[in-house]
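Descriptive analysis of the structure
Listed below are the residues making up each chain.
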Amino acid sequence: MSQHLSEQETIRRDKLNQLTALGIDAYPAPAFDVNCHSKQILENYNDAEKNFQQVSIAGRIMSIAPKGKATFAKIQDEHGRIQLYIGIDNICPGEDKTLYEKVVLHLLDIGDIIGVKGEVFVTKTGETSIRVKELTLLSKALRPLPVVKVKDGETFDAFADVELRYRQRYVDLIVNPEVRATFMKRSKMIQTIRDFLNEHGAMEVDTPVLQNIPGGAAARPFATHHNALDVPFYLRIANELYLKRLIVGGFDWVYEFSRNFRNEGIDRTHNPEFTVLEFYVAYKDYFWMMNYTEQMMEKIALALHGTTDVPVGDKIISFKAPFKRVPIYDAIREFTGFDVSEMDEAQMREVCRQLHIETDNSMGKGKLVDEIFGAKCEGNFIQPTFIIDYPVELSPLTKKHRSKPGLVERFELMINGKEIANAYSELNDPIDQRARFEEQVKLMERGDDEAMFIDHDFLRALEYGMPPTSGIGIGIDRLAMLMTNNAAIQEVLFFPQMRPEKPE
RNA sequence: GAUUUCGUAGCUCAGCUGGUAGAGCAAUACACUUUUAAUGUAUGGGUCAUGGGUUCGAAUCCCAUCGAAAUCACCA
């Protein structure tokens, strides 16, 4: 297959051939022993002590500026950038000046990965640098890297085209340090959560992604097919029903970072695959879960920012526990003036009409409440707020409220006007659960294409007895957006889904 | 899915009401052994997203297609 090459690509391939002709392997096999990183040197070098006199370091050339018989280059390793001073007499002490005159001056490019050995010193202009004594090419780059320059905090020629950045995330990561920082934060966030759960005795588990009956959420699944069994499978939309089976099985606290798949639109807050942390704790209820959740959120904010005040857009969000708790009907009353708590479906439909909210016949009472809340209330909860006590119609897997008829023991955690987590006192009454599933079937018959299927094995599990349990799902990508101050989910996913590109 | 905007050199962009493509960085060559967005001089680099149409003439106007972004709808 022939490939169209740009001028610069052709030149680099020619350089590769020249290197080969000089007997230099552009992709050598031997390990290159690294004994320090850029950051270690920059933070710890002491010019009086003359430490770091035998460093061995590797990285990617980010700039290279020949100045006659000396060349300045900057290499980037995982921890940052450091300047190299490559003097002809340092790397070519003998008669043969080929390495400098040919390789350094003509055959090395921005983007190449090299390993160097040498001593650290400070240049006249005060920049801690490495005087290179040995230089080894470790990998030749055949494509030119975008060259981003920064001066006085101002960035020039930023590699900023979002399509290119997402499709070629590797380039984005090389060239944009703040992108790298976002993903490091995301990783640290997940680590903090995992540590927090493990400290409290939770067990991390794995449950099926391929499911016969996609359950645990209201969403349209991806369908696939298993050839050997000749049966349809669905990619999971949630792992809830499997984790509850494990609670039945006798594990009292299980969690999973669940990659979920939903066959819906893509926009700046939706990717077809996304990550939800779900965990279930036996013998707890949703009040316990609210307490635990706010502690966890506070811990995450502290781990990532060193404070509970987190900047998000032009706002500061305080993750300081405790968070406000607002019953959903109170929220609706506050933002619409209507008390819908005692209304029937027809009255509620009239309220929707007055509020200019579109409804259709597939919507039951619970769905109408959800619509009103979504349209008029949700966006107002900027600071972390638990919205509690949802209508039973909306929550087929949730235990009925201990004292409020028609409601369930459920909360959603709203932050910056978006739902971040959803939790319940789990429904463990198998008779009630069967009735709720049957309600879902009726909704499906009314045309709700997101109503849940009956999962008979899950009912069977409940019939063996599940302890009272509280469970939660936390949108990890959404939380990462908040914690890294990014408005697009694509910014916190390494490889967001996009339409396939045309072949080059 | 709808609407709007965008797609020009490796990257970032300019190119007014149509006259046949330009800058900075990057690249190539030369000079320079402590530079800092290095500098100086010279040079090369483009099926202007793709395919049609209008026109004497299209990067520019029109249509379609592909890709992206924003807003909306649905959802987490």
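Residues numbered from 1 in each chain as written. Chains lettered and ligands numbered in written order. Predicted model: local features only at pLDDT ≥ 70, side-chain atom pairs only at ≥ 80, totals over all residues. Heavy atoms only, no water.

Thoughts on the sheet that holds strand 2 (residues 70-77)
- Here five strands make up a closed barrel; going around it, the order is 1-2-3-5-4 and the pairing mixed. The average angle at which neighbouring strand axes cross in this sheet is 50 degrees, direction not considered.
- Across seven bridges, strand 1 (residues 55-67) lies against strand 2 in antiparallel orientation. Paired with Ile 64 across the bridge in strand 2 is Ala 73. (Pairing = 2+ DSSP bridges. Helix = DSSP H or I, 4+ residues; strand = E, 2+ residues; numbered from the N terminus. Axes fitted to C-alpha atoms, helices over the stretch in contact; angles between N-to-C directions.)

Observations concerning the pairing of strand 12 (residues 253-261)
- Among the nine residues that make up strand 12, eight are buried, leaving the element largely enclosed by the rest of the structure.
- Both strand 8 (residues 203-204) and strand 12 contribute to a ladder of two bridges, which runs parallel. Residue pairing for strand 12: Met 203 is matched across the bridge by Val 254.
- Judged from the nine bridges that link them, strand 12 and strand 13 (residues 273-282) form a sheet pairing that is antiparallel. Within strand 13, the position partnered with Tyr 255 by the bridge is Phe 279. (Buried < 20%, exposed > 50% of the residue type's maximum accessible area, 1.4 Å probe, protein only.)

Here we look at the protein's contact with RNA strand B
- Around RNA strand B, 58 residues are found, and the nearest of them are Asp 89, Thr 125, Glu 163, His 270 and Arg 478.
- A breakdown of the atoms of RNA strand B within 4 Å of the protein gives sugar and phosphate a share of 58%.
- A distance of 3.3 Å separates a base nitrogen of RNA strand B from a polar atom in the side chain of Asp 157.
- A distance of 2.6 Å separates a sugar or linking oxygen of RNA strand B from a polar side-chain atom of Glu 264.
- Of all the elements in the fold, those that place two or more residues in the surface near RNA strand B are helix 1 (7-21), strand 1, strand 2, strand 3 (80-87), helix 3 (88-91), strand 6 (149-151) and helix 5 (162-167).
- When grouped by side-chain class, the residues that make up the surface near RNA strand B number 22 nonpolar, 10 polar and 26 charged. (Near = heavy atom within 4 Å. Polar contact = N/O pair within 3.5 Å; in protein donor to acceptor, adjacent residues only side chain to side chain. Nonpolar A, V, L, I, M, F, W, Y, C, P; charged D, E, K, R; others polar.)

Describing the packing of aromatic side chains
- In the structure shown here, the tally under the stated rule is 17 aromatic pairs.
- Among the aromatic residues, those joined into a ring-pair cluster are Phe 196, Trp 253, Phe 279, Trp 288 and Tyr 292.
- The ring of Tyr 242 carries Arg 245 above its face, with NZ or CZ at 4.5 Å from the centroid.
- Between the NZ or CZ atom of Arg 410 and the centre of the ring of Tyr 390, over which it lies, the distance is 4.6 Å. (Phe/Tyr/Trp six-rings, centres within 6.5 Å; stacked < 30°, edge-to-face > 60°. Lys NZ or Arg CZ within 6 Å of the ring centre and 35° of its normal.)

Let's talk about unusual backbone geometry
- Look at the link from Ala 321 to Pro 322: it is a cis peptide, with omega at 0 degrees.
- A positive phi angle, near 50 degrees, is found at Asp 157, a position not held by glycine.
- Within the element layout of this structure, Asp 157 appears in the loop between strand 7 (154-156) and helix 5.
- Residue Asp 389 is not a glycine yet carries a positive backbone phi of 65 degrees.
- Relative to the helices and strands, Asp 389 resides in the loop between strand 17 (385-388) and strand 18 (410-415).
- When its relative accessible area of 2% is taken as the criterion, Asp 389 is described as buried.

Description of the pairing of strand 2
- Burial within strand 2 is extensive, with six of its eight residues counted as buried.
- Counting the residues between successive antiparallel strands, the hairpin from strand 1 to strand 2 contains two residues, one of them, Gly 68, with a positive phi of roughly 70 degrees.
- Alignment of strand 2 against strand 3, held across eight bridges, turns out to be antiparallel. If you follow Phe 72 over to strand 3, its bridge partner there is Tyr 85.
- Counting the residues that bridge the hairpin from strand 2 to strand 3 gives two residues.

Quick look at the layout of surface pockets
- Its volume calculated, the second largest pocket comes out at about 730 Å³.
- Lining the second largest pocket are 30 residues, with Gln 76, Arg 81, Val 150, Val 175 and Pro 177 positioned closest to its centre.
- Of all the secondary-structure elements, those providing two or more residues to the lining of the second largest pocket are strand 1, strand 2, strand 3, strand 6, helix 6 (169-175) and helix 7 (177-199).
- No other element matches the four residues that helix 7 contributes to the lining of the second largest pocket.
- In terms of residue class, the lining of the second largest pocket is built from 15 nonpolar, six polar and nine charged. (1 Å grid on protein atoms, 1.4 Å probe; cavity = no way out; pocket = protein on both sides within 12 Å on 5 of 7 lines; lining within 4 Å. Points joined across faces, edges and corners; volume = space filled by probe spheres on them.)

Examining the sheet that holds strand 9 (residues 210-211)
- With respect to topology, three strands assemble into an open sheet ordered 9-11-10, the strand pairing being antiparallel. If you trace the sheet from one side to the other, it starts and ends with strand 9 and strand 10 (223-226), each paired once.
- Examined bridge by bridge, strand 9 and strand 11 (residues 231-235) share two bridges and lie antiparallel to one another. The partner of Gln 211 across the bridge, within strand 11, is Tyr 234.

What to know about the confidence of the model for chain A
- Considering every residue of chain A, the mean pLDDT works out to 93; 99% of them sit at 70 or more.
- Per-element confidence in chain A ranges from a low mean pLDDT of 82 for strand 7 to a high of 98 for strand 8. (pLDDT = per-residue confidence, 0-100.)

Brief notes about the domain arrangement of chain A
- For chain A, the assigned domains are domain 1 (7-145), domain 2 (243-323 + 383-492) and domain 3 (326-382).
- Summarising the inter-unit geometry, the C-alpha centres of domain 2 and domain 3 are found 21 Å apart.
- Summed over both partners, the interface of domain 2 with domain 3 buries about 1,700 Å², with 62% contributed by carbon and sulfur atoms.
- The interface formed by domain 2 and domain 3 includes zero salt bridges.
- Linking domain 2 to domain 3 there are six residue pairs in polar contact (both at pLDDT 80 or more).
- Among the elements that line the side of domain 2 that touches domain 3, the one with the most residues is strand 17, at four residues.
- Classifying every residue of the side of domain 2 that touches domain 3 gives 12 nonpolar, five polar and six charged. (Domains from an automatic or database assignment. Buried area = accessible area lost by both parts, 1.4 Å probe. Salt bridge = Lys/Arg side-chain N within 4 Å of Asp/Glu carboxyl O.)

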